[in-house]
Amino acid sequence: MSMNHIRPWRNIERRKSRQIMVGNVPVGGDAPIAVQTMTNTDSGDVKATLGQVLAAAEAGADIVRISAPDVAATKALKEITKESPVPIVADIHFHYKRAIEAAEAGAACLRINPGNIGDEKRVKEVIKAAKDHGCSIRIGVNGGSLEKHLLDKYGEPCPDAMVESGLDHIKILQDNDFHEFKISVKASDVFMSAAAYQILADATDAPIHLGITEAGGFVSGTIKSAIGLGQLLWMGIGDTLRVSLSADPVEEVKVGFEILKSLGLRHRGVNIISCPSCARQGFDVIKTVETLEERLAHIHTPMSLSIIGCVVNGPGEALMTDIGFTGGGAGSGMVYLAGKQSHKMSNEAMVEHIVEEVEKKAAEIEAAKAAEAAE
């Protein structure tokens, strides 16, 4: 639960779910909402795929999914899982034997799509492999690949059909005494996804993986995901998520964290509050923020920074951030530390100075955490 006793209107009460493990990452229960992404390289290319995994992990990904469409991919998976700093989910479509091979190769989780994995006998073989190798399973229902009997029953993909598909496969897992599973009901339609997830949240206590599938390019996909995932997270639904973008996987991780940060559900790195800029700005706000985002990407410590172009809103925003800079004209602005005016700084030297202040503050926060842990 995200509790704020001073500002109760910020509180989010998370749905109660069972907790499972994806490798060493807890998912569900009171665990932090995990951020996932997926590689888009040739899965048989160990170097390229592992490079994306490492980049995603550095950006903050808790879990990375890799498609396993053929034997070359599952063979490469064995080497990738050994080197990966985060758990790997093997994405399985059509051929259940790839799931068995992925489990043997060290995958922490097997993602299977009920609409195309095959009959119940094949699913049972996948369950046995997961049990034998300590894998969890994600039931990944997709509005674009529902089972024929459900399309015949409902006439078209719809929330009820998606949830029925998911619950049918939950029953198969539970009937085979397998409970280490999470579930998703994704669609490219925001309305369909949101409705399906709300129905699903009431129908099971399994951890829920959120996503708007095939959301689109960086800008449109980010907006669609923020609308769909944001409202569900605000309702307390969701234990892990992936933002699906036609973009670099690192961008998916960044957007996922920004969605969680905006709701106070996860905190990682510097949260920059900045104005859109206007004729009142005392310095080039847009260029400054772009530069600072790049220069501060290495900071993982949660903290806040306000960059405001003028004194209309600048002082007020600075009161609520760890570090702030407000444009004041005449080539300089005011630096705020812990919400209080500290000193003036020239626009020319401002970026370097802010980077130094942020690094200093991050070091102080980390030292305090270390001291507290040592007590």
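Scroll up for the structure.
Below, the structure is looked at part by part. Just so you know, these numbers come straight off a predicted model, no measurement behind them. (Residues numbered from 1 in each chain as written. Predicted model: local features only at pLDDT ≥ 70, side-chain atom pairs only at ≥ 80, totals over all residues. Heavy atoms only, no water.)

### Quick notes on the overall build of the chain
Part 1 of the reasoning: Along the backbone of the chain there are 12 helices and 15 strands.
Part 2 of the reasoning: In terms of overall dimensions, the chain is globule-like: its C-alpha atoms have a radius of gyration of 23 Å, near the 21 Å expected for 375 residues.
Part 3 of the reasoning: The principal-axis extents of the C-alpha atoms in the chain amount to approximately 75 × 45 × 40 Å.
Part 4 of the reasoning: Buried positions account for 51% of the 375 residues belonging to the chain.
Part 5 of the reasoning: Of all intrachain contacts in the chain linking residues separated by at least 6 positions in sequence, the fraction that spans at least 24 positions is 62%.
Part 6 of the reasoning: When the accessible surface of the chain is summed, it comes to about 17,300 Å², and 53% of that surface belongs to carbon and sulfur atoms.
Part 7 of the reasoning: For the chain, the distance from the average site of its 39 positive side-chain charges to the average site of its 49 negative ones is 2 Å. (Helix = DSSP H or I, 4+ residues; strand = E, 2+ residues; numbered from the N terminus. Rg over C-alpha atoms; globule rule 2.2 N^0.38 Å. Buried < 20%, exposed > 50% of the residue type's maximum accessible area, 1.4 Å probe, protein only. Contact = heavy atoms within 4.5 Å. Areas by Shrake-Rupley, 256 points an atom, 1.4 Å probe, with all protein chains shown as cover. Lys, Arg positive; Asp, Glu negative; His and termini not counted. Charge placed at Lys NZ, Arg CZ, Asp CG, Glu CD.)

### Some points on the pattern of salt bridges
For side chains of opposite charge, pairing can occur when their charged atoms come near one another.
Part 1 of the reasoning: Going through the model one piece at a time under the given rule, you end up with 17 salt bridges.
Part 2 of the reasoning: Of the charged contacts in the structure, one is a salt bridge between Asp-91 and Arg-111, with a shortest N-O distance of 3.5 Å. With Asp-91 in strand β5 (residues 88–92) and Arg-111 in strand β6 (residues 109–112), the pair connects residues that are 20 residues apart, well separated along the chain. Here Asp-91 matches Arg-111 in class, with each residue buried. (Salt bridge = Lys/Arg side-chain N within 4 Å of Asp/Glu carboxyl O.)

### Focus on the pairing of strand β13 (residues 323–327)
Part 1 of the reasoning: Along β13, 5 of the 5 residues are buried, which leaves the element largely enclosed by surrounding structure.
Part 2 of the reasoning: A two-sided burial pattern is seen for β13, the buried positions comprising Ile-323, Phe-325 and Gly-327 on one face and Gly-324 and Thr-326 on the other.
Part 3 of the reasoning: With 4 bridges joining them, strand β12 (residues 303–308) and β13 adopt parallel strand pairing. Each bridged residue has a counterpart across the sheet, and for Ile-308 the counterpart in β13 is Thr-326.
Part 4 of the reasoning: Inspection of the sheet shows β13 paired to strand β14 (residues 332–337) by 5 bridges, in the antiparallel sense. Residue pairing in the sheet places Ile-323 in a bridge with Leu-337 of β14.
Part 5 of the reasoning: Linkage of β13 to β14, two consecutive antiparallel strands, is achieved through a turn of 4 residues, within which Gly-329 is found at a positive phi near 85 degrees. (Pairing = 2+ DSSP bridges.)

### Looking at the packing of aromatic side chains
The geometry of two aromatic rings is summed up by the distance between their centres and the angle between their planes.
Part 1 of the reasoning: Following the criterion strictly, the structure yields 1 aromatic pair and no others.
Part 2 of the reasoning: With 5.3 Å between their ring centres and 70 degrees between their planes, Phe-283 and Phe-325 make a pair best called edge-to-face. Here Phe-283, found in the loop between β11 (270–274) and α10 (285–295), pairs with Phe-325, found in strand β13; they are 42 residues apart in sequence, far enough to count as distant.
Part 3 of the reasoning: Residue Phe-325 is classed as buried on the basis of its relative accessible area, which comes to 0%.
Part 4 of the reasoning: In this structure, Arg-18 packs its charged tip against the face of Phe-181, placed 4.8 Å from the ring centre.
Part 5 of the reasoning: Above the face of the Phe-257 ring, Arg-268 is positioned so that its terminal group lies 5.8 Å from the ring centre. (Phe/Tyr/Trp six-rings, centres within 6.5 Å; stacked < 30°, edge-to-face > 60°. Lys NZ or Arg CZ within 6 Å of the ring centre and 35° of its normal.)

### Side note on α10
Part 1 of the reasoning: Buried within α10 we find Val-285, Thr-288, Val-289 and Leu-292. Taken around the axis of α10, the buried residues stretch over an arc of 95 degrees, which confines them to a single face. More than 90 degrees from the buried face of α10, the exposed residues found are Lys-287, Glu-290 and Glu-294.
Part 2 of the reasoning: In this structure, the buried residues of α10 make contact with β11, β12 and α12 (347–374).
Part 3 of the reasoning: The opening residue of α10, the one whose side-chain oxygen lies 3.4 Å from the backbone nitrogen of Ile-286, is Asp-284. (Arc of directions from axis to C-beta. Polar contact = N/O pair within 3.5 Å; in protein donor to acceptor, adjacent residues only side chain to side chain.)

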